[in-house]
Amino acid sequence: EGDYAEILNRQYWRALGIWVGDTELVFRKATKVGNNNFLRHEWLTLGRRTPGESKITSLEIVGEDASYFQLYIDKNNGNDKISGSNDETSRTDIMLHERDCLNIRVTFEHTIAPQCLMETIDARVRIEHDAGSDPIEVQLMVPSHTLITPGSSQASSRIAWLTPNQLEECEQQY
């Protein structure tokens, strides 16, 4: 409490009803799990600094590539899935009180490693809340790769995949 109180006493900026730790999450090198999937976790933190409470009315992944990602919160020392592939629902009515913070695990899972995709992933974490009128959006990104070749049969109009040989080379580098 001593360090926290000291920081609050020196604070010259306006306290927020709700804050988010990052405006973008970058998913770099992933771990291969099993025979087919690559997995990478990043963490997003939400919090409240002002007296009272804020309600998170919706917490979900949106965008054309939302199915690559899932959201989990740590609840009672376990993981509680709140949004992701094959799950069209979002978690609602999460309460944040003064000095509270909520840690959210954002998981990338796909058959192709994130570092082997182009950076034009269309996915965001959207947080709707009652502490203001605008939802908060956190961009989900993957690093670009120089060997990207468009035209694969798996490619969407926005994501170009590596050729099979380039994909193998890319995954061996990481």
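Everything quoted here is computed from the prediction, not taken from an experiment.

**What about the environment of Asn37?**
Consideration 1: Among the structural elements, Asn37 can be located in strand S4 (residues 37-47).
Consideration 2: Taking C-alpha positions, Asn37 is 7.0 Å from Ile112, a pair spaced 75 residues apart along the chain.
Consideration 3: When residues no more than four places from it in sequence are discounted, the contact partners of Asn37 are Thr31, Lys32, Glu109, His110 and Thr111.
Consideration 4: Reaching out from Asn37, the side chain makes a polar contact with the side chain of Glu109 at a distance of 3.1 Å.

**Description of the environment of Glu24**
Consideration 1: Structurally, the position occupied by Glu24 is in strand S2 (residues 24-26).
Consideration 2: Residue classification places Glu24 among the partly exposed residues on the basis of a relative accessible area of 41%.
Consideration 3: For the pair formed by Glu24 and Gln139, sequence separation is 115 residues and the distance between their alpha carbons is 4.5 Å.
Consideration 4: When residues no more than four places from it in sequence are discounted, the contact partners of Glu24 are Val138, Gln139 and Met141.

**With respect to the confidence of the model for the protein chain**
Consideration 1: Per-residue pLDDT for the protein chain averages 74, and the proportion of residues at 70 or more is 65%.
Consideration 2: Per-element averaging of pLDDT across the protein chain places strand S7 (residues 78-84) at the bottom with 53 and strand S10 (residues 124-129) at the top with 93.
Consideration 3: Below pLDDT 50 for its whole length, residues 84-89 participates in 9 contacts with residues either more than four positions away or in separate chains.
Consideration 4: Long-range and interchain partners of residues 145-161, a stretch whose pLDDT sits below 50, account for 41 contacts in this model, where long-range means more than four residues apart.

**Observations regarding the packing of aromatic side chains**
Consideration 1: Counted under the stated rule, the structure contains 3 aromatic pairs.
Consideration 2: Ring centres 5.7 Å apart and planes at 70° place the aromatic pair Phe69 and Phe108 in the edge-to-face group. Taken as a pair, Phe69 in strand S6 (residues 69-75) and Phe108 in strand S9 (residues 101-110) lie far apart in primary sequence, 39 residues in all. Judged on exposure class, the residue Phe69 and its partner Phe108 are both buried.
Consideration 3: Feature note: the residues Phe27, Tyr68, Phe69 and Phe108 constitute an aromatic cluster, connected by ring pairs.

**A look at unusual backbone geometry**
Consideration 1: Backbone geometry places Arg99, a non-glycine residue, at a positive phi of 70°.
Consideration 2: With a relative accessible area of 40%, Arg99 lands in the partly exposed category.

**Some details on the side chain of Arg105**
Consideration 1: On the secondary structure map, Arg105 appears in strand S9.
Consideration 2: The buried charged residue Arg105 lacks any salt bridge partner; its closest oppositely charged side chain belongs to Glu109, at an N-O distance of 8.0 Å.
Consideration 3: Of note is the side chain of Arg105, whose polar atom sits 3.4 Å from the side chain of His41.

**Overview of the pairing of strand S8 (residues 94-97)**
Consideration 1: With burial as the criterion, only one face of S8 is covered, namely that bearing Ile94 and Leu96; the residues Met95 and His97 on the opposite face remain uncovered.
Consideration 2: Strand direction decides the pairing type here: strand S5 (residues 53-62) and S8, joined by 4 bridges, are antiparallel. Pairing of Ile56 across the sheet is with Ile94, part of S8.

The rules behind these values
- Residues numbered from 1 in each chain as written.
- Predicted model: local features only at pLDDT ≥ 70, side-chain atom pairs only at ≥ 80, totals over all residues.
- Heavy atoms only, no water.
- Helix = DSSP H or I, 4+ residues; strand = E, 2+ residues; numbered from the N terminus.
- Contact = heavy atoms within 4.5 Å.
- Polar contact = N/O pair within 3.5 Å; in protein donor to acceptor, adjacent residues only side chain to side chain.
- Buried < 20%, exposed > 50% of the residue type's maximum accessible area, 1.4 Å probe, protein only.
- pLDDT = per-residue confidence, 0-100.
- Phe/Tyr/Trp six-rings, centres within 6.5 Å; stacked < 30°, edge-to-face > 60°.
- Lys, Arg positive; Asp, Glu negative; His and termini not counted.
- Salt bridge = Lys/Arg side-chain N within 4 Å of Asp/Glu carboxyl O.
- Pairing = 2+ DSSP bridges.

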